[in-house]
Amino acid sequence: MFDILNGLRVVEGSAFVAAPLGGMTLAQLGAEVIRFDPVGGGLDHRRWPLDGQGRSLYWAGLNKGKKSIAIDTRSPEGQELVSELICQPGPDRGLFLTNRPPGGPFDHHRLCERRADLITVNILGSHDGAGAVDYTVNCAIGFPLATGPRDAHRPVNHVLAAWDLLTGSLAATGILAAERQRSRGGGGQLIRLALADVAMWAASGLGHVAEAELLGRDRQADGNHIFGAFGHDFATSDARRVMLVALTRGQWRRLVAAIGIGEAVSRLEDAEGLDLGREDDRYRARDAIVTMIAPWVEARSLEQVGHELDAAGVLWGPYRSFTQMLSEDPRCSVTNPLIETVTQPGIGTYRTAGLPLRFADTYARPVAPAPVLGGDTDAVLADILGLPDHEIASLHDRGVVGGPVP
């Protein structure tokens, strides 16, 4: 077990996906991450998916390993408590992760009056402060118009909150980079991280921006083809589907041999003047290649396809629902060191994944469940802020803080 960030304390004031994911990443690396929410719960406390009792599996998924305090941040007393917590002295303190809009009681510059070397990562929608979420960023960045079947006449959104996930990972990276600079005498700073910037960064890195500007060309929706190489989905005889991929020359040779289409490939190359050992030529001939492969797959069950392709070293994968993944994929079994069972208070025991980083072939730390909302309020007030029992009781009586809410 590696608690790489043991001793580091991060205070998180967040909602949605990006900031909670950033905080959870740090928690799973060993940091003490204290999340504050309104008394009774905020935006995320009952976010779907829910279990049969109305408890949020979303909350449980994105807050593993953290502590939770419930505080009325609309009240001056609540604001004072959170500000004191964020600005605690010490070399491993003064780290704040939030997606709250700039300004207000927890604005970085205001908090710096209490701790000059404060580090804040502030996640925004757009760099200019305009509101945006993953869904509004995604539709504007071009990907939905390049997603879906060829004959689609409308954009197709993907269901994965990709920009949120990337932003959360970058938020954790930003905190660690700033903390390293501060530990070397560089002082604190405000790091702004916008969802729209992250999406543009990714689109640029993948060549989409250059393609549009230099070639004046939009990427077109192409079904389940892989752009620029060969990969496509096929139906098996038992109504399952598989994805076959050949990115490299070696992968292509193994696929051709396993399917037994060497002669057909040679005839196509001669007729069209192509070398299907090349990625770009395979992409040009993608539809013809699909027609060669489809009958072979359609004549076999999923089990037969998998057995023969594995024996030949072909790159492939089965399409699965989430429930099929649970029952069929050994990578989602506790035989995989990444997967553990966690007992989440009020919800039950189920499989979950830890942080995928492996250090010296060991994953970062065992998975800890998400906290119950407000479950750590009293301990944080007493142990970190040093409040006596009677003051904590008074705060509860006046509704400034709250206790556990299942």
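The text that follows walks through the structure, step by step, so that each part is easy to find. (Residues numbered from 1 in each chain as written. Predicted model: local features only at pLDDT ≥ 70, side-chain atom pairs only at ≥ 80, totals over all residues. Heavy atoms only, no water.)

## Here's the deal with the side chain of S68
Here comes step 1: As for its position among the elements, S68 is in strand β3 (residues 67-71).
Here comes step 2: Look at S68 and you get buried, because its relative accessible area is 0%.
Here comes step 3: Excluding residues that lie within four positions of it along the chain, S68 makes contacts with R35, W59, P371, V372, L373, G374, G375, D376 and T377. (Helix = DSSP H or I, 4+ residues; strand = E, 2+ residues; numbered from the N terminus. Buried < 20%, exposed > 50% of the residue type's maximum accessible area, 1.4 Å probe, protein only. Contact = heavy atoms within 4.5 Å.)

## Examining the sheet that holds strand β6 (residues 189-194)
By definition, the strands of a sheet pair up through backbone hydrogen bonds, in either a parallel or an antiparallel sense.
Here comes step 1: Here 7 strands make up an open sheet; going across it, the order is β6-β5-β4-β1-β2-β3-β14 and the pairing mixed. Looking at the sheet topology across the chains shown, the edges are occupied by β6 and β14 (401-402).
Here comes step 2: Relative to β14, β3 is paired through 2 bridges, and the arrangement is antiparallel. For A70, the partnering residue across the bridge sits in β14 and is G402. (Pairing = 2+ DSSP bridges.)

## What to know about the side chain of D44
Here comes step 1: For D44, the location among the structural elements is in the loop between β2 (32-37) and α2 (57-62).
Here comes step 2: Of the polar contacts made by the side chain of D44, one reaches the side chain of R35; its length is 3.2 Å.
Here comes step 3: Residues in contact with D44, not counting those within four places in the same chain, are S14, A15, F16, P20, R35, S56, Y58 and W59. (Polar contact = N/O pair within 3.5 Å; in protein donor to acceptor, adjacent residues only side chain to side chain.)

## A closer look at the environment of G168
Here comes step 1: By the secondary structure assignment, G168 is in helix α6 (residues 162-186).
Here comes step 2: Given the relative accessible area of 0%, G168 is considered buried.
Here comes step 3: In this structure, the C-alpha to C-alpha distance between G168 and L21, residues 147 residues apart in sequence, is 5.1 Å.

## Some details on the layout of surface pockets
Here comes step 1: Taken as a whole, the largest pocket spans an internal volume of roughly 1,400 Å³.
Here comes step 2: For the largest pocket, the lining is made up of 33 residues, of which L57, G61, L62, K64 and T352 are closest to its centre.
Here comes step 3: Those elements giving two or more residues to the lining of the largest pocket turn out to be α1 (18-28), α2, α6, α14 (322-328) and β11 (348-353).
Here comes step 4: Per-class residue counts for the lining of the largest pocket are 23 nonpolar, 7 polar and 3 charged. (1 Å grid on protein atoms, 1.4 Å probe; cavity = no way out; pocket = protein on both sides within 12 Å on 5 of 7 lines; lining within 4 Å. Points joined across faces, edges and corners; volume = space filled by probe spheres on them. Nonpolar A, V, L, I, M, F, W, Y, C, P; charged D, E, K, R; others polar.)

## A few points about the nonpolar core
Here comes step 1: Within the largest apolar cluster, 26 residues are counted, with the highest numbers of intra-cluster contacts made by F234, W252, L255, L276 and I293.
Here comes step 2: Of all the secondary-structure elements, those providing two or more residues to this core are β7 (230-235), β8 (241-246), α9 (249-259), α10 (262-272), α12 (286-298) and α13 (302-312).
Here comes step 3: Among all residues touching L276, those that are not within four sequence positions of it are W252, V265, L268, E269, D281, R282, A285 and I289. (Core = buried A, V, L, I, M, F, W, Y, C linked by side-chain atoms within 4.5 Å.)

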